[in-house]
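# Structural features, examined
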Amino acid sequence: MAEMTFHEASRLAHPSSCLNKVVYDSVDLSPAQKGVTTRPGEPFPPYYKPDGPEDTTLVFESRFEHGNLRRAIQIHSFEYDLVLKPDTNTRGHTQWYYFSVQNMRPGVRYKFNIINLLKPNSLYNQGMKPLLYSEKIASDKGLGWHRVGEDICYYQNHIKRKAGFYYTLTFGLDFPHSDDKCYLAYSHPYSYTDLQRYLKSLEEDPKRRNRFRRRPLCQTLAGNTVDLLTITSFNGDPAAMRQRKGIVLSARVHPGETNASWMMKGMLDYLTGPSLDAKILRDNFVFKIVPMLNPDGVINGNHRTHLAGNDLNRQWIDPSKKIHPSIYYTKQMIKRFVEDREVVLYCDLHGHSRKKNIFIYGCDNKDQPLIR
């Protein structure tokens with residue numbers, strides 16, 4: 001920590017020693033990009049193109065689904081300040097990052113500083129490391145996302161904001177290959193496309209597809225479909241089915257909490273699977289599942305909110321049908337479900353930036369404590 005603080009103080013004291021060269025911006029075009037048009041579905045041309053083989057400047061990109069990096073500023077030859085994009089229609093919630101780098105050199109220690117984080121503490125100071133996916137390592141060794149980084153530190157920096165100061169995550173990284181494309185992320189990415197591909201694979205499985213039903217719950221502000229799944233034993237006695245109790249599961253109301261989607265995938269794998277315990281659950285319960293409550297936020301690389309800049313997890317009391325459709329229609333679905341049968345559990349899956357392991361928050365009734 002002291003070393004990082006000294007390094008930052010040295011930069012402030014000797015600003016002329018820093019390059020301060022913008023090498024990537026996800027919003028503003030570079031001079032080379034002006035006048036260049038791309039067709040829908042085509043990748044964007046790179047913001048920065050190296051001058052030649054001797055140019056060691058990294059090439060950044062985040063303009064893909066679920067990505068988040070607003071700007072990259074080259075400070076020294078192998079050191080970069082990174083600025084994250086705030087959630088859509090907000091000025092905050094900078095935590096989720098997901099971007100790619102190319103033109104790296106092996107045998108060189110790169111230093112990355114994410115300089116506009118908001119939370120005063122982080123698991124990065126307790127051993128957590130950034131995630132990396134190398135296309136070459138994945139191809140050669142079959143190793144996907146894995147934790148990397150040296151000299152990791154999370155600390156308050158000198159940049160002022162309205163309610164105090166920003167925080168910096170700094171880490172060093174050695175890339176093993178030169179001809180490679182690497183991705184860095186806060187946690188294991190899980191995009192809306194990942195979900196759609198997964199649900200399609202369940203529908204194409206000759207056994208699993210008979211254990212669940214899929215239908216659209218609603219459309220988001222951007223026109224993306226919010227899926228609703230029903231899991232139970234459909235070929236049972238109709239009278240017995242009406243007696244089954246209900247369970248509601250949902251996930252990913254906060255788009256940056258990607259671990260919620262991985263937990264949801266594990267639940268769906270299990271509940272649609274062949275085990276005897278899963279069959280007992282299907283025979284005795286009806287599961288209503290919304291696997292992704294905030295597709296728009298996920299697609300746009302937000303951490304906390306949806307396109308209108310609202311935290312959807314704070315809209316349950318009085319959701320707007322127009323502005324918060326996924327919450328409104330989930331609440332309507334639960335209301336009808338409760339009228340149809342006894343619902344014994346609603347579990348909404350999240351992730352947490354500062355707590356470890358698995359834990360549960362439960363609702364209470366302070367006015368009538370015997371009613372849960």
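Report follows, based on the coordinates. (Residues numbered from 1 in each chain as written. Predicted model: local features only at pLDDT ≥ 70, side-chain atom pairs only at ≥ 80, totals over all residues. Heavy atoms only, no water.)

## Describing the overall build of the chain
A tally of regular secondary structure across the chain gives eight helices and 16 strands. Expressed along its principal axes, the backbone C-alpha trace of the chain runs to roughly 80 × 50 × 40 Å. Classification of the 372 residues of the chain by burial places 46% in the buried group. Counted over contacts in the chain with a minimum sequence separation of 6, partners at least 24 positions apart contribute 70%. Total accessible area on the chain stands at roughly 19,800 Å², and carbon and sulfur atoms take up 53% of it. (Helix = DSSP H or I, 4+ residues; strand = E, 2+ residues; numbered from the N terminus. Buried < 20%, exposed > 50% of the residue type's maximum accessible area, 1.4 Å probe, protein only. Contact = heavy atoms within 4.5 Å. Areas by Shrake-Rupley, 256 points an atom, 1.4 Å probe, with all protein chains shown as cover.)

## Remarks on the packing of aromatic side chains
Considering all chains together, one arrives at 25 aromatic pairs under this definition. A centroid spacing of 6.0 Å and a plane angle of 45° characterise the contact between Phe 60 and Phe 99, whose relative ring orientation is tilted. Highlighted residues: Phe 60 in strand 2 (residues 59–61) and Phe 99 in strand 5 (residues 98–102), separated in sequence by 39 residues. Considered together, Phe 60 and Phe 99 belong to a single accessibility category, that of buried residues. Sitting above the plane of the Tyr 166 ring, Arg 161 keeps its charged end 5.8 Å from the centroid. Cation over ring: Arg 213 sits above Phe 234, and NZ or CZ is 3.9 Å from the ring centre. (Phe/Tyr/Trp six-rings, centres within 6.5 Å; stacked < 30°, edge-to-face > 60°. Lys NZ or Arg CZ within 6 Å of the ring centre and 35° of its normal.)

## Description of the nonpolar core
Among the nonpolar cores identified, the biggest contains 38 residues, and Phe 60, Leu 82, Phe 112 and Phe 175 are the most heavily contacted of them. Contributing elements (two or more residues each) for this core: strand 1 (21–25), strand 4 (79–83), strand 5, strand 6 (109–117), strand 10 (164–174) and strand 11 (181–185). Aside from chain neighbours lying at most four places away, what touches Phe 112 is Leu 58, Phe 60, Tyr 80, Leu 82, Leu 169, Thr 170, Phe 171, Leu 173, Phe 175 and Leu 184. Counting 21 residues, the second largest nonpolar core, distinct from the first, contains Leu 202, Ala 260, Leu 268 and Phe 287. (Core = buried A, V, L, I, M, F, W, Y, C linked by side-chain atoms within 4.5 Å.)

## Focus: the side chain of Thr 305
Along the chain, Thr 305 turns up in the loop between helix 7 (295–299) and helix 8 (325–340). On the basis of relative accessibility, which here comes to 0%, the residue Thr 305 falls in the buried class.

## Observations regarding the pattern of salt bridges
All told, the structure shown has 18 salt bridges when counted by the stated rule. Between Asp 227 and Arg 214 there is a salt bridge, with the nearest N and O atoms lying 3.0 Å from each other. Of this pair, Asp 227 sits in strand 13 (residues 225–231) while Arg 214 sits in strand 12 (residues 212–219), and the two are 13 residues apart along the sequence. Taking relative accessible area as the criterion, Asp 227 reaches 5% and is therefore assigned buried. Through salt bridges with shared partners, a single network forms among Asp 25, Asp 28, Arg 70 and Arg 71. (Salt bridge = Lys/Arg side-chain N within 4 Å of Asp/Glu carboxyl O.)

## Observations regarding the sheet that holds strand 3 (residues 71–76)
Sheet architecture is open: six strands sit in the order 1-3-4-6-10-9, paired in mixed fashion. With one partner strand each, in any of the chains shown, strand 1 and strand 9 (150–161) form the two edges of the open sheet. On average, each strand axis in the sheet is tilted by 25° relative to the strand beside it, whichever way the strands run. Across seven bridges, the pairing between strand 6 and strand 10 is antiparallel. The partner of Lys 111 across the bridge, within strand 10, is Gly 172. (Pairing = 2+ DSSP bridges. Axes fitted to C-alpha atoms, helices over the stretch in contact; angles between N-to-C directions.)

## Focus on the environment of Gln 156
For Gln 156, the position within the fold is in strand 9. Note: C-alpha distance between Gln 156 and Lys 119 (37 residues apart in sequence) is 9.3 Å. With sequence-adjacent residues up to four places away left out, Gln 156 is seen in contact with Phe 165, Tyr 166 and Tyr 167.

## Details of helix 8
In this model, helix 8 (16 residues) spans 22 Å end to end at C-alpha, consistent with the 22 Å of a helix rising 1.5 Å per residue. Taken as a whole, helix 8 has its buried residues at Pro 325, Ser 326, Ile 327, Thr 330, Met 333, Ile 334 and Phe 337. Against strand 12, strand 13, strand 14 (245–251), strand 15 (285–290) and strand 16 (343–349) lie the buried residues of helix 8. (Expected span 1.5 Å × (residues − 1).)

## Some details on the sheet that holds strand 13
Strand order across the open sheet formed by five strands is 12-13-15-14-16, with mixed pairing between neighbours. Two strands lie at the open edges of the sheet, namely strand 12 and strand 16, each paired on one side alone. Geometrically, the sheet is characterised by an average inter-axis angle of 20° between neighbouring strands, direction not taken into account. When strand 14 meets strand 15, the two strands line up parallel, connected through six bridges. What sits directly across from Gly 246, in strand 15, is Val 286. Contacts between helix 3 (residues 192–204) and the sheet are confined to strand 12 and strand 13, with strand 12 contributing the most and set at about 150° to the helix. The sheet strands contacting helix 5 (residues 259–271) are strand 13, strand 14, strand 15 and strand 16, and the helix crosses strand 14 at an angle near 145°.

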